[in-house]
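Read off the chains here:
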Amino acid sequence: MAAIAAEIAVPLLILAAWQAWTVHANDPLFPRLSTILVQFKEMWLFSQFHLHVVPSLIRIGAGFTLAVIIGLIIGIPLGLSRWGRLLAMPHIEWWRAMPPPALLPISILLLHSIGDRQKISFIAFFCLFPILLNTIDGVRGIDPTLIETTRSYGVGGFERIRRVVLPAALPQIFAGMRTSLSLAVIMMVLTEYFSSTSGVGYVLLISKNTFQLAPMWAAIVLIGVLGYLLNVLLILVERRVLAWHRGWRAAAAQ
Amino acid sequence: MAPRLAGGGGAVSTVGRRLLEIRHVSKTYGSGDSATHAIADVSFAVDDREFVCVVGPSGCGKTTLLKCVGGLLAPTNGDILLRGTRVTSPPEEMALVFQEYGRSLMPWSTVRNNVLLPLRHKKLTRQKRNALVEEALEAVGLTPFIDRYPWQLSGGMQQRVAIARALAYQPAILLMDEPFASVDAQTRGDLEDLILRVREEFAITILFVTHDIDESVYLSDRVIVLTHGPTEVKASIDVDLPFPRDQIATKELPDFAHLRGHVYRLINREQVESGEELAATLKTATKGDRP
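The structure displayed is predicted, hence computed values, not measured ones. Numbers given for residues are sequential positions, taken from 1 along each chain in its written order. Throughout, the order in which chains and ligands are written sets their labels, letters from A for the former and numbers from 1 for the latter. Where totals are concerned, whole chains, interfaces and linings use all residues; where local detail is concerned, this predicted model gives features only for residues with pLDDT of at least 70, and gives and counts side-chain atom pairs only at 80 or more.

1. Comments concerning the overall build of chain B
Right, on to step 1. On a plain count of helices and strands, chain B comes out with nine helices and ten strands.
Right, on to step 2. Burial in this document is a count-based property: other C-beta atoms within 10 Å of a residue's C-beta are tallied, and the residue is buried at 20 or more, exposed at 12 or fewer, or partly exposed in between, with C-beta positions derived from the backbone. Taken across its 291 residues, chain B has 43% of its residues classed as buried.
Right, on to step 3. Residue pairs qualify as contacts under a 7 Å threshold applied to their C-beta atoms, which are placed from the backbone. For chain B, contacts bridging at least 24 residues in sequence account for 72% of all contacts bridging at least 6. Working definition: helices are DSSP H or I runs of at least four residues, strands are E runs of at least two. Numbering for both runs from the N terminus.

Structure below.
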């Protein structure tokens, strides 16, 4: 209880300071907190929720899920194969080093789309790398004794991947997923700046272009809240799936 | 009672009873100047239902040998024959128990699922599989812990899970690589008696690698003494101590003391010789051409 109170107390203090300062400064670039919150309530709770928030969430969800699936499908074999890594790593490093905005214009041409297909693909592409690299690393890091055990018992193929390789790499895969999820939010906003007619990023840009600063700030607040809540959600899933990992580490530390 | 079988380093014993044969096995890592000769030339045989302990000075390639036998490593030369068939990959009739129980068990699976893992790909009914798992865990006394995770158990109990997993797999021969080296002395004695008991119960053949001379004599029908690397067989000693063995009574027997002393002297001499050899090699190496 005390921990939760402490977690909430600091943001509340900051918000109070913001309100006090904006009232005092009276600067049109920094609307009062109360104005932003009223705006927030009008826009997002819930009149424009289905119009802009739902499309954004669908893009994040689909792009992120796609990245996880592709990351595992490519990452597990690469983790198991030294030759595969030798061949693939330069390409992975090259694309990973590419700044996302550099690929935004061409993604529209290549995918013949300015709709969800382009946005989801773009999010998935850049979310892929943290998951992929962590999967490769996690699979490579499996204890050789465990691998020899499975070999000596003739546990091979899909059974070995499902029961041994994937669970062993999962803690690290989750670390990659956390990085990717925050990237997904960034990519969502970025794609919605560019040839879009819906989404939180779109609302943010349009508000700025029409000098509606309260809606713009409301969109900024919403993006922050979304990013935070998505991360909390992922941590809850991780705690459930990796309950053994916490117990195991606690036992090892004794 | 286990049938007492005639031992003797691959000498006599009828062919029908011979389960495992190791024929002129050598293992070299690397090639050229950087090559390491881990095993020079090892030959011996293990009969059906025999308990053979392999002892040798530390670093003599015992583990390498066992991995070759288990089909995990390919020997550079020579053959491993299981019932006359050459071993090229891990055979279904063998199960391997490692020293590092903590690393060979899956921390994300319960005790039950750890034991079940190697049975999943066997063509068995679900009931049969579960029965095998429960029977094996019963034999090692872990039935109450079937739904726990390995890391919730003590070291000795974890090694019992690994033994149960090997038993449930129903191998003809159990290969054990210093399985009790990382547990405390009390637990170690308990585990030694446990393995002697399940050996009877499951009518199983055991090839047991250890660096502990007392343990090798206490457990086995026969002790194979290895030389310092590159490894060869130094001696094969029959252990004619009566069964069932007992931690106190057996170890008080004059025969036990005599056998133990015999093995000790063989290994000690080995270590002295290899020490002299090492000193000689070092001398030549320092004299030799350095880049």
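Read on, since the account is not over.
2. Some details on the overall build of chain A
Right, on to step 1. Across its full length, chain A holds eleven helices and zero strands.
Right, on to step 2. What you see in chain A, going N to C, is helices and strands ordered as α-α-α-α-α-α-α-α-α-α-α.
Right, on to step 3. Reported as C-alpha extents along the three principal axes, the dimensions of chain A are approximately 75 × 55 × 30 Å.
Right, on to step 4. Across the 254 residues of chain A, 31% fall into the buried class.

3. Quick word on helix α6 (residues 116-140) of chain A
Residues and elements named next belong to chain A.
Right, on to step 1. Residue count minus one, scaled by 1.5 Å, sets the expected span of a helix. Under the 1.5 Å per step criterion, the end-to-end length of α6 is 35 Å for 25 residues, consistent within 8% with the ideal 36 Å.
Right, on to step 2. Of all the bends in α6, the largest measures some 35 degrees and sits at L128, one to four residues before the proline P130.
Right, on to step 3. Along α6, 19 of the 25 residues are buried, which leaves the element largely enclosed by surrounding structure. Fitting one axis to the seven residues ending at a residue and another to the seven starting there, the bend at that residue is the angle between the two axes.

4. A short note on the packing of helix α9 (residues 200-209) of chain A against helix α10 (residues 213-241) of chain A
All names here are of chain A.
Right, on to step 1. With axes taken as lines fitted to C-alpha atoms, and helix axes fitted only over the stretch in contact, angles between N-to-C directions fall between 0 and 180 degrees. Where α9 meets α10, the axes come as close as 8 Å, and the angle between the chain directions of the two elements is 155 degrees. In this view, α9 runs roughly antiparallel relative to α10, as classed from their interaxial angle. Crossing handedness for the pair α9 and α10: left-handed. Note on element contacts: α10 touches α9 through P215, M216, A219, I220, L222 and I223, opposite V200, V203, L204, S207 and K208.
Right, on to step 2. In this count, Pro and Cys sit with the nonpolar residues alongside Ala, Val, Leu, Ile, Met, Phe, Trp and Tyr, while Asp, Glu, Lys and Arg are called charged and the others, Gly among them, polar. Counted by class, the contact of α9 with α10 contains nine nonpolar, one polar and one charged residues. If an angle is under 35 degrees, it is roughly parallel; if it is over 145, roughly antiparallel; if it lies from 65 to 115, roughly perpendicular; otherwise it is oblique. Handedness of a crossing follows from how the near helix is turned relative to the far one, being left-handed for an anticlockwise turn of less than a right angle and right-handed for a clockwise one.

5. Things to note about the interface of chain A and chain B
Right, on to step 1. Across the boundary between the two partners, chain A contributes 18 residues, which contact 19 residues of chain B.
Right, on to step 2. Going through the elements one at a time, α7 (144-152), α8 (157-193) and α11 (243-253) of chain A are the ones with two or more residues in the side of chain A that touches chain B.
Right, on to step 3. It is α7 of chain A that contributes the most residues to the side of chain A that touches chain B, six residues altogether.
Right, on to step 4. Residues belonging to the side of chain A that touches chain B are distributed by class as follows: eight nonpolar, five polar and five charged.

6. Looking at helix α5 (residues 155-168) of chain B
All names here are of chain B.
Right, on to step 1. The first and last C-alpha atoms of α5 sit 20 Å apart over 14 residues, in line with the 20 Å expected at 1.5 Å per residue.
Right, on to step 2. Taken across its 14 residues, α5 has twelve buried, putting it largely inside the fold.
Right, on to step 3. All of the buried residues along α5 are M157, Q158, Q159, R160, V161, A162, I163, A164, R165, A166, L167 and A168.
Right, on to step 4. Packed against the buried residues of α5 are β6 (94-97), α2 (101-104), α3 (111-116), α4 (126-139), β7 (173-177) and α6 (185-201).
Right, on to step 5. Just past α5, the residue Q170 takes up positive phi, approximately 55 degrees.

7. What to know about the packing of α5 of chain B against α6 of chain B
Residues and elements named next belong to chain B.
Right, on to step 1. Axis separation between α5 and α6 bottoms out at 11 Å; the angle between their running directions is 15 degrees. On the basis of their axis angle, the class for α5 and α6 is roughly parallel. As for how α5 packs across α6, the hand of that crossing is right-handed. Mapping the contact onto sequence places G156, Q159, I163 and L167 in α5 and T187, D190, L191, I195 and V198 in α6.
Right, on to step 2. Residues belonging to the contact of α5 with α6 are distributed by class as follows: five nonpolar, three polar and one charged.

8. Quick word on the domain arrangement of chain B
All names here are of chain B.
Right, on to step 1. Taken as a whole, chain B is organised into domain 1 (18-93 + 172-274) and domain 2 (106-170).
Right, on to step 2. Residue ranges for the domains originate in an automatic or database domain assignment. The C-alpha-based centres of domain 1 and domain 2 are spaced at 25 Å.
Right, on to step 3. With twelve residues of domain 1 in contact, the opposing surface of domain 2 contributes eight residues.
Right, on to step 4. At seven residues, the largest contribution of residues to the side of domain 1 that touches domain 2 is made by α6.
Right, on to step 5. When the residues that make up the side of domain 1 that touches domain 2 are grouped by side-chain class, the tally is eight nonpolar, two polar and two charged.

9. Concerning the sheet that holds strand β1 (residues 18-29) of chain B
The pairing of strands in a sheet happens through backbone hydrogen bonds and is either parallel or antiparallel.
Right, on to step 1. Pairing is mixed in the open sheet, where ten strands are placed in the order β5-β4-β1-β2-β10-β9-β3-β8-β7-β6 (chain B). In this open sheet, the two strands that pair with only one neighbour each are β5 (85-86) and β6 of chain B. Two strands pair if DSSP finds at least two bridges between them.

10. Description of the confidence of the model for chain B
Residue and element names in this part refer to chain B.
Right, on to step 1. Summary of the metric used: pLDDT quantifies the predictor's per-residue confidence within the range 0 to 100. Across chain B, the average pLDDT comes to 86, with 88% of residues at 70 or higher.
Right, on to step 2. Looking over chain B, one finds the lowest element-wise mean pLDDT in helix α9 (residues 254-287), namely 76, and the highest in α3, namely 96.
Right, on to step 3. Under a pLDDT of 50 for its full length, residues 1-16 has, in the predicted model, 31 contacts with residues more than four places off or in other chains.
Right, on to step 4. As scored by the predictor, the complex reaches a pTM of 0.84 and an ipTM of 0.83.

11. Some points on the nonpolar core
Right, on to step 1. In this usage, the nonpolar core is the set of buried Ala, Val, Leu, Ile, Met, Phe, Trp, Tyr and Cys residues whose C-beta atoms join them within 7 Å. I123, C127 and A184 of chain A together with A164 and L207 of chain B are the most contacted members of the largest nonpolar core, which totals 110 residues.
Right, on to step 2. Of the residues forming this core, the biggest block, 14 residues, is contributed by α8 of chain A.
Right, on to step 3. In terms of domain composition, this core takes at least three residues from each of domain 1 (18-93 + 172-274) and domain 2 (106-170) of chain B.
Right, on to step 4. Of all hydrophobic cores here, the second largest spans 15 residues; its members include L33, M43, M216 and A219 of chain A.

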